[in-house]
Amino acid sequence: MALILQTDSPFPLARRGKVRDVYDLGDKLLIVSTDRISAFDYVLPCGVPEKGRILNQLSAFWFEKTAHIIPNHLVTVIDKNVILSLKELKGKNLDYLTNRSMLVAKAHRIAVECIVRGYLSGSAWAEYKQSGRVGNIRLPSGIQENEELPQPIFTPTTKSDIEHDRPLTRDDITELGIEHLMAEMEQKSLLIYRFAQDYAKTRGIIVADTKFEFGIIDGKLSLIDELLTPDSSRFWDASQYKVGQLQHSLDKQPVRDWLLASGWDKESPPPTLPPEVIQATTERYLKIYSLFTKE
């Protein structure tokens, strides 16, 4: 299938994110998942074939599976029948949208990334080694890298298009005016994580950590953006899991690892991934999609 790094729709562009192009359809939004890939807050100059389609379909899968926990913004996934039936799309040359896009309800977006960690990995491991804490949470001593935590922890961060994300502070919460929402956001984040973790275990997968985004739709807290994808989560092969060592990842962690090993300074424009890394990333994304969604 053709690699799609940028879309050009007849609808007004609401925003172009690191991976998704969002268009304004009046009372709804059209979200198109491209094949762009980002790491360390940079969009890489190359794409990953099939990536956008997988992200879109997997998000839709999880939105439907978690709807009993919290409402979400999904209206419908775009397929050929939807393109033919919806007045907003009918008669336009939009075949490229098929299976890589969705119509969603408009939401008042909350500029917070709600991160839940069930295992001590990545930046959380680095922070723990230095301070014994992750965010504002002090953890027991002696935890090893990639070890399961006594219980999942909620470590929200800021979400900004102009600066690196950082741990959310009381001042941030006050400035955003979300004091009345934080408890519910934490509760729902932990509920979704535990639900996903229990389901993933039946498929031989560990959800080490993940992040959620919320918005307000019709006065209710709702899930938006993407959900439990290999872009937003760490997925490990449970059969190969061992504490204290690198895990067999089914996400984009190997892309991060390659970038770090390449000598890139994380300040200059990022390098292009070699073909073998791109192919391996496509294969990992296809595998995790199949493991989660197969009957």
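Use the structure listed above.
Treat the numbers as computed from the prediction; the structure is a model and nothing was measured.

A. Spatial organisation of the pairing of strand β9 (residues 112-119). When you tally the buried positions in β9, you get eight out of eight residues, the bulk of the element. The sheet contact formed by β9 and strand β13 (residues 157-158) spans two bridges and is antiparallel. When the sheet's bridge partners are listed, Val112 is paired in β13 with Thr158. Pairing of β9 with strand β14 (residues 205-217) involves four bridges; the strand directions are antiparallel.

B. Inspection of the packing of helix α1 (residues 51-65) against helix α5 (residues 182-201) at higher detail. Here α1 crosses α5 at 110°, and the two axes come no closer than 11 Å. Judged by the inter-axis angle, α1 sits roughly perpendicular to α5. As α1 packs across α5, the resulting crossing turns out to be right-handed. Within the contact between the two elements, α1 uses Phe61, Trp62 and Lys65 and α5 uses Phe195, Ala196 and Tyr199. Grouping the constituent residues of the contact of α1 with α5 by class yields five nonpolar, no polar and one charged.

C. Spatial organisation of the pattern of salt bridges. The final tally for this structure, using the stated rule, is 17 salt bridges. Among the salt bridges present, the one from Asp225 reaches Arg109, with a minimum N-O distance of 3.7 Å. Taken together, the residues span a long stretch of sequence, with Asp225 in the loop between β15 (220-224) and β16 (233-237) and Arg109 in strand β8 (residues 108-109) at a distance of 116 residues. Connected through salt bridges with shared partners, the residues Arg109, Glu113, Lys159, Lys211, Glu213 and Asp225 form a single ionic network.

D. Looking closely at the nonpolar core. Ranked by size, the top nonpolar core spans 48 residues in total, and within it Trp62, Met185, Phe212, Phe214 and Phe292 carry the most contacts. By residue number, the principal contributor to this core is α5, which donates eight residues. Within the second largest apolar cluster, twelve residues are counted, among which are Leu25, Val82, Leu89 and Leu97.

E. Spatial organisation of the sheet that holds strand β2 (residues 20-24). What the five strands build is an open sheet, ordered β1-β2-β3-β7-β6; its pairing is antiparallel. The open sheet is flanked by β1 (13-16) and β6 (74-77), the only strands paired with a single partner. Pairs of neighbouring strands in the sheet enclose a mean axial angle of 20°, with direction left out of account. Of the strand pairs in this sheet, β6 and strand β7 (residues 101-105) are connected by three bridges, and their pairing is antiparallel. When the bridges of β7 are listed, Thr76 appears paired with Leu103. Across the sheet, α1 lies against β2, β3 (28-33), β6 and β7, angled at about 130° from β6, the strand it touches most.

F. Molecular detail of helix α3 (residues 122-131). Turning to α3, its buried residues are Ala124, Trp125 and Tyr128. The buried residues of α3 occupy one face: seen down the axis, they fall within an arc of 100°. Those residues of α3 that are exposed and aimed more than 90 degrees away from the buried face are Ser123, Lys129 and Gln130. Considering only its buried residues, α3 is in contact with β9 and β10 (133-134). Where α3 ends, the next residue or the one after it, Gly132, has phi of about 80°, a positive value.

G. Molecular detail of the packing of aromatic side chains. Taken as a whole and judged by the stated rule, the model has twelve aromatic pairs. Taking the centre distance of 5.5 Å and the plane angle of 75° together, the rings of Tyr119 and Trp236 count as edge-to-face. With Tyr119 in strand β9 and Trp236 in strand β16, this pair connects stretches of sequence that are 117 residues apart. Of the two residues examined, Tyr119 and Trp236, each falls in the buried class. Between Tyr119 and Tyr241 the ring centres are 5.7 Å apart and the planes differ by 80°, which places this aromatic pair in the edge-to-face class. You can see Tyr119 sitting in strand β9 and its partner Tyr241 sitting in the loop between β16 and α6 (253-261), a full 122 residues away along the chain. Grouping aromatic residues by their ring pairs yields a cluster made of Phe61, Trp62, Tyr199, Phe235 and Phe292. We note Lys266 situated over the ring of Phe40; from NZ or CZ to the ring centre the distance is 4.4 Å.

The rules behind the values
Residues numbered from 1 in each chain as written. Predicted model: local features only at pLDDT ≥ 70, side-chain atom pairs only at ≥ 80, totals over all residues. Heavy atoms only, no water. Buried < 20%, exposed > 50% of the residue type's maximum accessible area, 1.4 Å probe, protein only. Helix = DSSP H or I, 4+ residues; strand = E, 2+ residues; numbered from the N terminus. Pairing = 2+ DSSP bridges. Axes fitted to C-alpha atoms, helices over the stretch in contact; angles between N-to-C directions. Parallel < 35°, antiparallel > 145°, perpendicular 65-115°, else oblique. Left-handed = near helix turned anticlockwise from the far one by under 90°. Contact = heavy atoms within 4.5 Å. Nonpolar A, V, L, I, M, F, W, Y, C, P; charged D, E, K, R; others polar. Salt bridge = Lys/Arg side-chain N within 4 Å of Asp/Glu carboxyl O. Core = buried A, V, L, I, M, F, W, Y, C linked by side-chain atoms within 4.5 Å. Arc of directions from axis to C-beta. Phe/Tyr/Trp six-rings, centres within 6.5 Å; stacked < 30°, edge-to-face > 60°. Lys NZ or Arg CZ within 6 Å of the ring centre and 35° of its normal.

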